[in-house]
Amino acid sequence: MEFKAPERKAPMSYSNWDFHKKQNVAAPLKVTEDDVIEEKKSKATKFFDAVMSVSFAALFFGLPLFFLNATFQGIVFEKQVYFYFWVLIAVISWVTKSVMEGEIKIKETPLDYFIAAFAFAYLLSTVFSVDRWHSFFGFFGDQSRGFMNVLACILVYYFILSNFTKKRLIIALGGIIASAALVEIWTVVALFFATKLPAWFLSHMPASLFGSMTSLGIFLSIVYPLFIIAIYKLLESGLSKKWKITLTSLVGLFLILDIVLIWLLYSFVFLAGVFPALLVGVSLFVIFVIALIVRPVHGWSWITIASFMAVLMLLMIGGGDGYLAQKLPAEISPAYKLSWDVASSTMKDKFFIGTGAASYGYDFSKYRPQDLNDTQYFSLRFYQGAGMFFETLPTIGFLGTVVLILIVLSYLGTSIYLLCKDKEKNKMYSLGFFSAGVTFLYSAMIMRVDGAIMMFGVLILIMSLAVIQFESSNEGAYKKLSLKASPKYALALAFIFMLVCGGVAYVFVFMGKALVADIYMKKAVTTSAHTEDDSVRLMVRAINLYPNEARYYTRAGQEYMILANDEALKSKDKPNTVTIQQYLNNAIFLSNKAKDLQPNDVLTVEGLAQAYENSTMFVDKSADLAEQYYKRALELEPHNPVYYIKLGELKVSKAAALTDAAQKKPLIQESITFFQKSVDEKKDYAIGYYYISIANEALGDLDKAIESMKNAIASEQGNVNYIFTLANLYRERAKGDDYAQAEQIYKGIIAQDDGQYNVHLALGILFEKEKKNEAAIAEYKKVLTILPDGSDEAKTQVNKMITNVQNGTGNLQAPTPAAQPSIAPQAGADQTNVSPVAPQPAATQEIPASNPAN
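Engineer: Requested: an account of the overall build of the protein chain, with residues and values cited.
Structural biologist: Along its length, the protein chain carries 33 helices and 6 strands. For the protein chain, the proportion of its 854 residues judged to be buried stands at 53%. Summarising the internal contacts of the protein chain: among those between residues at least 6 apart in sequence, 74% fall at separations of at least 24. With an accessible surface of roughly 39,300 Å², the protein chain has 62% of that area assigned to carbon and sulfur atoms.

Dropping the structure here:
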């Protein structure tokens, strides 16, 4: 075999080397348009993800702190608008991010079916409500019971649970701790240093950032266990020793300040029923720690025990109200028995679906028991019940209440089960949020809770469930709508996106207009200039921006009545009747518009009746229409004695306009019937007895008049007008020792205040009747010395009376009615003296307060 040597190749040139190098190096990838789109999507997704995290922070940090103190409806309304704003931001960010990712994921939870059933029951109650608009949007001043807020809470529920991460847990907890610390600082300043602050600042500074001290007490109780877990988590953290000690000490100080403030607000926390809720929440925390289901950092369990003991110490030492720099006003809420009476009576008529969401004010007015009139709270109206179930039974009915109970039981069962499961996971976050949630839930069940706390408490409950599922590694399933799965799902997701965007845009504009309108109303009612160019112009702006709120129209109608009254006083000698009539016509028009918007609201109907009542001298048939609407108000509030007084007054006014005694008599008898019904409703109703007395005097029955006036005095002891009128009645009846009784009463009044010129005058007339002319002249001369400056006409009249006595003519030609003053001082004279003009019944008040009224 021939051996061949291998062929020797020439050395590779530089050019050849370069060629081979190019062959071995991969060619650069071509950047396509799709790649650019994906990169932009990734950046946009991160942006919307960041917005979602900001929404977490805004809800938990901002909600307790946010206020404007610039709206007519108050802080609760402002927080409601804030809540809607950030819920919408969160939802639109979530949906937009999901569309960009091509898939929307909604977390499935154990409460899903119950939540759907509750939403349906709430919607059903809203559709068949006595006031559909307010059932949907929420009642004036506190929109938390409206269907719109329920939808917002459902949206935020699925937003939080579907997008929950450890980072957002820290954001939420940090936001709550930071906001609670700032709330505590604010409260300390308001309670102890308010008088040292500038006046302009005080005028815009609410004492409570939640609208009431009771709500503030609930908030402080809710965050109490969250301070404890914040301390534990800081001790477990990987921070440097310096930062760990600093932050732990700071949170510990705010924990101590929290319990001190609860102690200082004793009457709002303990007496209102917040304390049992705090005790239940903290006890739950202690039980899980003692049972070693949750284990704090080694050696630090004493914090839990000390916190629990601090709560018990408050119970033993009593309240610290006496240490406050100023006395806080009392807050009132309906008692349990009263709330149950209203709920049970309502359910007899509206058992399954109630009278409508957010309609508790209607229920309270129509179904309140008569025995409420026997208490000092008879003139109050409550728009929320003493506890969640007392309120839901009459408003959303049996169906809605049962579903709500199932939601609560399901929440508690799921939470406790997951907390007790897998002890090795040491679910400290879960225990803290669950204790806070139980504190809120217990408070909501046993007492009245307003909108600010309702929104914050719902957020805590949602976070509690999210944290428990997260720490239990119970990821659960997700409902997914994917753009990539099929055209059907892609179309559905695109439709949802467009629907959400359109809805958000509408709600943003609507809520913005409602907020601005309410700011205009606040400016209008607080301005010192009650004119068409100032207060009325602002109210008209508010109405144009938000024409759905009946309270705006009612208040604007009242403003026109103020203008009419001012015009009448301004031109007393020669009133400008054309201007006055125009003002009153505007008042009637606006009040009618309010009634059209809320025909079943007693305050709106009452406002219309008052407008007609004040127009009787200027507008035809006003008296008849006033009577019609006071009767309608009685249908809406059957046990209100004030309306019977008003109806009786209208009858008396009609009688006063007649000259024929035969025509007057039946009208006065009708008025007595109405006055009698007022005292039948309220046994100690002094003004009712007063009017019965005056009406009987007009009929000539002085025996009944004296008896009724005695009842008036017994019902309202110390009322000088009633006592003075009784003396006049004794003087006019002139039986037995009536003169002696009258003289004794007159002298008793004078002994208390010698400047009562009408009493001296009445005593002089009595002396004339007794033929004691010298004594009568002495009393008349006394009147001349005490009449105020500027009473020249009255002094002339008294001098004539003295002359009449001296020349034997006397002043007894015509009897003086017991309820009419014998002389009237001129304009500008002192009006503090006794003038037996009937006092007006107190208007029914709307007080959103929170202490039990037993």
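Engineer: I'd love a proper account of unusual backbone geometry, names of residues and values included.
Structural biologist: The residue N426 is not glycine, and still its phi comes out positive at about 50 degrees. Positive phi values are uncommon outside glycine, yet K621 reaches one of about 60 degrees. Locating K621 in the fold gives a position in the loop between α23 (602-613) and α24 (622-636).

Engineer: Residue-level account of the packing of aromatic side chains, with values.
Structural biologist: Geometrically, a pair of aromatic rings is defined through the distance of the ring centres and the angle of the planes. Evaluated as defined, the whole model comprises 42 aromatic pairs. Taking the centre distance of 6.4 Å and the plane angle of 25 degrees together, the rings of Y122 and F147 count as stacked. Of the two residues, Y122 is situated in helix α4 (residues 112-127) and F147 in helix α6 (residues 147-162); the sequence distance between them amounts to 25 residues. A relative accessible area of 7% means that Y122 is categorised as buried. For the pair F137 and F510, a centre-to-centre distance of 5.4 Å together with 90 degrees between the ring planes defines the contact as edge-to-face. Placement of F137 in helix α5 (residues 132-137) and of F510 in helix α19 (residues 487-526) is noted, with a sequence separation of 373 residues between them. Given the relative accessible area of 1%, F137 is considered buried. Owing to a relative accessible area of 14%, F510 belongs among the buried residues under this scheme. Here the aromatic cluster, defined as three or more aromatic residues joined through ring pairs, consists of F72, F118, Y122, W133, F136, F137, F140, F147, Y506, F510, Y546 and Y552.

Engineer: A description of the pattern of salt bridges should follow, citing residues and the corresponding values.
Structural biologist: All chains considered together, the criterion is met by 30 salt bridges. In this structure, E637 and R381 form a salt bridge, with 2.9 Å as the shortest nitrogen-oxygen distance. Pair noted here: E637 is in the loop between α24 and α25 (641-656) and R381 is in strand β3 (residues 380-381), with a separation of 256 residues, a long-range link. Owing to a relative accessible area of 0%, E637 belongs among the buried residues under this scheme. D703 serves as the salt-bridge partner of R733, at 2.9 Å between the closest nitrogen and oxygen.

Engineer: I'd love a proper account of the nonpolar core, names of residues and values included.
Structural biologist: Ranked by internal contacts, the top residues of the largest apolar core, which has 191 residues, are F83, I160, F433 and M463. In this structure, F378, I706, M709 and M801 belong to the second largest nonpolar core, which totals 52 residues.

Engineer: Describe in detail the side chain of K97, supporting the description with residues and values.
Structural biologist: Summarising the element assignment, K97 is placed in helix α3 (residues 75-101). We classify K97 as buried; its relative accessible area is 14%. Contacts of K97, omitting those with residues within four sequence positions, involve T45, F48, D49 and M52.

Engineer: Can you tell me about the environment of G356, naming the residues and giving the values?
Structural biologist: Following the sequence through the fold, G356 ends up in the loop between α14 (336-349) and α15 (360-367). In the structure, G356 is positioned 229 residues away from V127 in sequence and 7.8 Å away in space, judged by C-alpha atoms. Residues contacting G356, with those up to four places away along its chain left out, are S125, S129, S135 and T395.

Engineer: Before we move on, can you summarise helix α27 (residues 686-698) with the specific residues and values?
Structural biologist: An ideal rise of 1.5 Å per residue puts 18 Å on 13 residues; α27 measures up with 19 Å between its terminal C-alpha atoms. Counting buried residues along α27, 11 of its 13 residues qualify, which places the element largely inside the surrounding structure. Within α27, burial applies to A686, I687, G688, Y689, Y690, Y691, I692, S693, A695, N696 and E697. Considering only its buried residues, α27 is in contact with α25, α26 (661-681), α28 (702-715) and α29 (720-733). G700 lies just past α27 and shows a positive phi near 90 degrees.

Engineer: Break down the confidence of the model for the protein chain for me, citing the residues and quoting the values.
Structural biologist: Overall, the predicted model of the protein chain reaches an average pLDDT of 87, with 89% of residues at or above 70. Confidence over residues 1-22 falls short of pLDDT 50; this stretch has 2 contacts with residues more than four positions distant or in other chains. In the predicted structure, residues 820-839 sits below a pLDDT of 50 and forms 57 contacts with residues beyond four places in sequence or in another chain.

Engineer: Before we move on, could you go through the packing of α25 against α26 and cite the residues and values that matter?
Structural biologist: Orientation of α25 relative to α26, taken along the N-to-C sense of each, is 170 degrees, at an axis distance of 8 Å. The angle between α25 and α26 places the two elements in the roughly antiparallel class. Relative to α26, the crossing made by α25 is left-handed. Taken together, the residues of α26 that come into contact with α25 (itself represented by P641, Y644, I645, L647, G648, E649, K651, V652, K654 and A655) are K664, L667, I668, E670, S671, F674, F675, K677, S678 and E681. Here the contact of α25 with α26 is composed, by residue class, of 10 nonpolar, 3 polar and 7 charged.

Engineer: Could you give me a rundown of the environment of A550, with the residues and numbers involved?
Structural biologist: Relative to the assigned elements, A550 resides in helix α21 (residues 550-570). Note on A550: relative accessible area 0%, which makes it buried. Leave out the neighbours within four places in its chain, and A550 touches A594, L597, Q598 and T604.

Engineer: Run through the side chain of E627, naming residues and quoting values.
Structural biologist: Considering the arrangement of structural elements, one finds E627 in helix α24. Judged by relative accessible area, E627 falls into the buried class, the value being 9%. Residues in contact with E627, not counting those within four places in the same chain, are L647, L650, K651 and K654.

Engineer: Could you give an account of a nonpolar patch on the surface, with specific residues and numbers?
Structural biologist: On the surface, F351, F352, F398, L399, V402 and L406 cluster together into a nonpolar patch covering about 490 Å² of accessible area. With respect to the helices and strands, the residue F351 is situated in the loop between α14 and α15.

Engineer: For the packing of helix α9 (residues 213-236) against helix α10 (residues 241-264), give the residues involved together with the corresponding values.
Structural biologist: The contact between α9 and α10 brings their axes to 9 Å, and the two run at 160 degrees. Judged on the interaxial angle alone, α10 and α9 are roughly antiparallel. Handedness of the crossing formed by α9 with α10: left-handed. In this structure, α9 uses L220, S221, V223, Y224, F227, I228, A230, I231, L234 and L235 to contact α10, whose residues at the interface are K244, L247, T248, V251, G252, F254, L255, D258, I259, L261 and I262. Class assignment for the residues of the contact of α9 with α10 results in 16 nonpolar, 3 polar and 2 charged.

Rules and cut-offs
- Residues numbered from 1 in each chain as written.
- Predicted model: local features only at pLDDT ≥ 70, side-chain atom pairs only at ≥ 80, totals over all residues.
- Heavy atoms only, no water.
- Helix = DSSP H or I, 4+ residues; strand = E, 2+ residues; numbered from the N terminus.
- Buried < 20%, exposed > 50% of the residue type's maximum accessible area, 1.4 Å probe, protein only.
- Contact = heavy atoms within 4.5 Å.
- Areas by Shrake-Rupley, 256 points an atom, 1.4 Å probe, with all protein chains shown as cover.
- Phe/Tyr/Trp six-rings, centres within 6.5 Å; stacked < 30°, edge-to-face > 60°.
- Salt bridge = Lys/Arg side-chain N within 4 Å of Asp/Glu carboxyl O.
- Core = buried A, V, L, I, M, F, W, Y, C linked by side-chain atoms within 4.5 Å.
- Expected span 1.5 Å × (residues − 1).
- pLDDT = per-residue confidence, 0-100.
- Axes fitted to C-alpha atoms, helices over the stretch in contact; angles between N-to-C directions.
- Parallel < 35°, antiparallel > 145°, perpendicular 65-115°, else oblique.
- Left-handed = near helix turned anticlockwise from the far one by under 90°.
- Nonpolar A, V, L, I, M, F, W, Y, C, P; charged D, E, K, R; others polar.
- Patch = residues over 30% accessible without salt bridge, like charges linked within 9 Å, V, L, I, M, F, W, Y side chains within 5 Å.

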